[in-house]
Amino acid sequence: MKTGVRQGCILSPKIFLMVIDWVMRKTTQDNNTGIQWTFTKQLEDLDFADDISLLYHRQQHAQTKLSKLAEEAEKTGLKINKKKTENILETDHFTYLGSIVSKDAGADDDIRSRINKARHAFNSLRPIWNSRALSLRSKTRIFNTNVKAVLLYGSETWRVTNTINNKLQTFTNRCLRHILRIRWPERISNSSLWERTNQNATSQDTKKRKWGWIGHTLRKPADTIARQALDWNPQGKRKVGRPKQTWRRSVESEAKAAETTWGTN
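Residues numbered from 1 in each chain as written. Predicted model: local features only at pLDDT ≥ 70, side-chain atom pairs only at ≥ 80, totals over all residues. Heavy atoms only, no water.

Draft legend 1. Quick peek at the overall build of the chain. Helix and strand counts for the chain come out as 10 helices and 6 strands. Each of the 265 residues in the chain was classed as buried or not, and the buried ones make up 28%. Of the contacts formed within the chain by residues at least 6 apart in sequence, a portion of 54% connects residues at least 24 apart. Roughly 19200 Å² of accessible area belongs to the chain as shown, and the carbon and sulfur atoms make up 53% of that amount. (Helix = DSSP H or I, 4+ residues; strand = E, 2+ residues; numbered from the N terminus. Buried < 20%, exposed > 50% of the residue type's maximum accessible area, 1.4 Å probe, protein only. Contact = heavy atoms within 4.5 Å. Areas by Shrake-Rupley, 256 points an atom, 1.4 Å probe, with all protein chains shown as cover.)

Draft legend 2. Layout of the side chain of H178. Relative to the assigned elements, H178 resides in helix α6 (residues 162–179). What H178 contacts, discounting residues up to four positions off in sequence, is F122, R126, W129, N130 and R183.

Draft legend 3. The arrangement of the packing of helix α3 (residues 108–124) against α6 in detail. Packing of α3 against α6 brings their axes to within 11 Å, and their N-to-C directions diverge by 5 degrees. Between α3 and α6, the crossing angle belongs to the class labelled roughly parallel. Each of D108, I111, I115, A118, R119 and F122 in α3 lies in contact with α6, whose residues at this interface are I164, K167, L168, F171, C175, H178 and I179. In terms of residue class, the contact of α3 with α6 is made up of 9 nonpolar, 1 polar and 3 charged. (Axes fitted to C-alpha atoms, helices over the stretch in contact; angles between N-to-C directions. Parallel < 35°, antiparallel > 145°, perpendicular 65-115°, else oblique. Nonpolar A, V, L, I, M, F, W, Y, C, P; charged D, E, K, R; others polar.)

Draft legend 4. Local environment of the nonpolar core. Core analysis: the largest hydrophobic core is formed by 23 residues, its most contacted members being F143, V147 and L168. Residue assignment for this core shows that the elements contributing at least two residues are α3, α5 (136–151) and α6. Among the elements that line this core, the one with the most residues is α6, at 6 residues. Those residues within four positions of L168 in sequence are excluded, and the remaining contacts are I111, I115, L151, L152, W158 and T202. (Core = buried A, V, L, I, M, F, W, Y, C linked by side-chain atoms within 4.5 Å.)

Draft legend 5. Focus on a nonpolar patch on the surface. The grouping of V5, I10, L11 and I15 at the surface amounts to a nonpolar patch, some 370 Å² of accessible area in total. Tracing the sequence through the fold places L11 in helix α1 (residues 11–28). (Patch = residues over 30% accessible without salt bridge, like charges linked within 9 Å, V, L, I, M, F, W, Y side chains within 5 Å. Salt bridge = Lys/Arg side-chain N within 4 Å of Asp/Glu carboxyl O.)

Draft legend 6. Just the pairing of strand β4 (residues 51–54), in detail. Relative to β4, strand β3 (residues 45–48) runs antiparallel, the two sharing 4 bridges. Counted as the bridge partner of D47 is I52 from β4. As consecutive antiparallel partners, β3 and β4 are separated by 2 residues, and within that stretch A49 has a phi angle of approximately 55 degrees, a positive value. (Pairing = 2+ DSSP bridges.)

Draft legend 7. Seen up close, unusual backbone geometry. The omega torsion of the bond from W184 to P185 falls at 15 degrees, within 30 degrees of zero and hence cis. Of note, P185 is situated in the loop between α6 and α7 (190–197). Although it is not a glycine, R181 sits at a positive phi angle of roughly 60 degrees. Within the element layout of this structure, R181 appears in the loop between α6 and α7. Of note, N198 is a non-glycine position whose phi angle comes to about 55 degrees, a positive value.

Draft legend 8. View of helix α8 (residues 202–218). For α8, with 17 residues, the first-to-last C-alpha span of 24 Å sits near the 24 Å given by 1.5 Å per residue. Taken as a whole, α8 has its buried residues at T202, D205, T206, K210, G215 and T217. (Expected span 1.5 Å × (residues − 1).)

Draft legend 9. Geometry of the packing of α6 against α8. At a closest axis distance of 9 Å, the pairing of α6 and α8 adopts a crossing angle of 115 degrees. For the pair formed by α6 and α8, the contact residues are N165, L168, Q169 and T172 on the first element and T202, S203 and T206 on the second.

Draft legend 10. A look at the environment of A121. Topologically, A121 is positioned in helix α3. Along the chain, A121 and F143 lie 22 residues apart, while their C-alpha atoms are 9.4 Å from each other. Residue contacts for A121: discarding those within four places in its chain leaves N146 and V147.

Draft legend 11. Just the pattern of salt bridges, in detail. Tallying each qualifying case throughout the model produces 7 salt bridges. The residue K75 makes a salt bridge to E72 at a minimum N-O spacing of 3.3 Å. Close ionic contact of E156 with R209 constitutes a salt bridge, the shortest N to O distance being 3.5 Å. On the criterion of sequence distance, the pair formed by E156 in the loop between α5 and α6 and R209 in helix α8 is long-range, its members being 53 residues apart. Assessed through its relative accessible area of 23%, E156 is described here as partly exposed.

Draft legend 12. Looking closely at the side chain of T27. Looking at where T27 falls in the secondary structure, it is placed in helix α1. Overall, T27 belongs to the buried group, its relative accessible area being 1%.

Here you go:
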């Protein structure tokens, strides 16, 4: 390479973000085709690294904004990847930053995917679990950083139910029993299993992540998008009926459980 920056150079991501920022400013300037964010402002796009999410309230604005983006990106040598481009209004679920976002706003698909990925990570480390040269402490630390971290990735925003907690805990217990070489018909209580491996219940881990995430968000300035999203009132009308009531009861029950846990700790 005789021009540009080399791969791995710390200038590379900074220059790329500057280019993306310029492209999006050119794409969205003098446009009011996004979603209503505040009384006087509209949110036109969401960006993360090389992923861009174009926001619009009317279908006819989608193609106009996408064409403008392609035109401005072409000036810098960037092209839109058609295979990775999806219209959310026409799909039941899509993957964003490793998490599956579903149309029904549930977390079942994402959690199912997380368990499969964590299972693959656990199976790939079988030589470590079967090794007699490593201590139990080392194995549990490797389990926490390489398996449990994969399992609970994105759990800060999950709508967790008892059924979901049971699925996560069942997978975790099965892995820990394998690490301890506990085979059928041997038995051990869950409390003893967690004590020997220095583990907490999965439900406690997800609650800690949720509290950490909301605390981090509330410490942000009041004018940031993440902070404003907590009080954002979306456009349009929401269907009334059982789904809404079920969601409301779920939120209230989670809030009460978190309040109780916070008070006891």
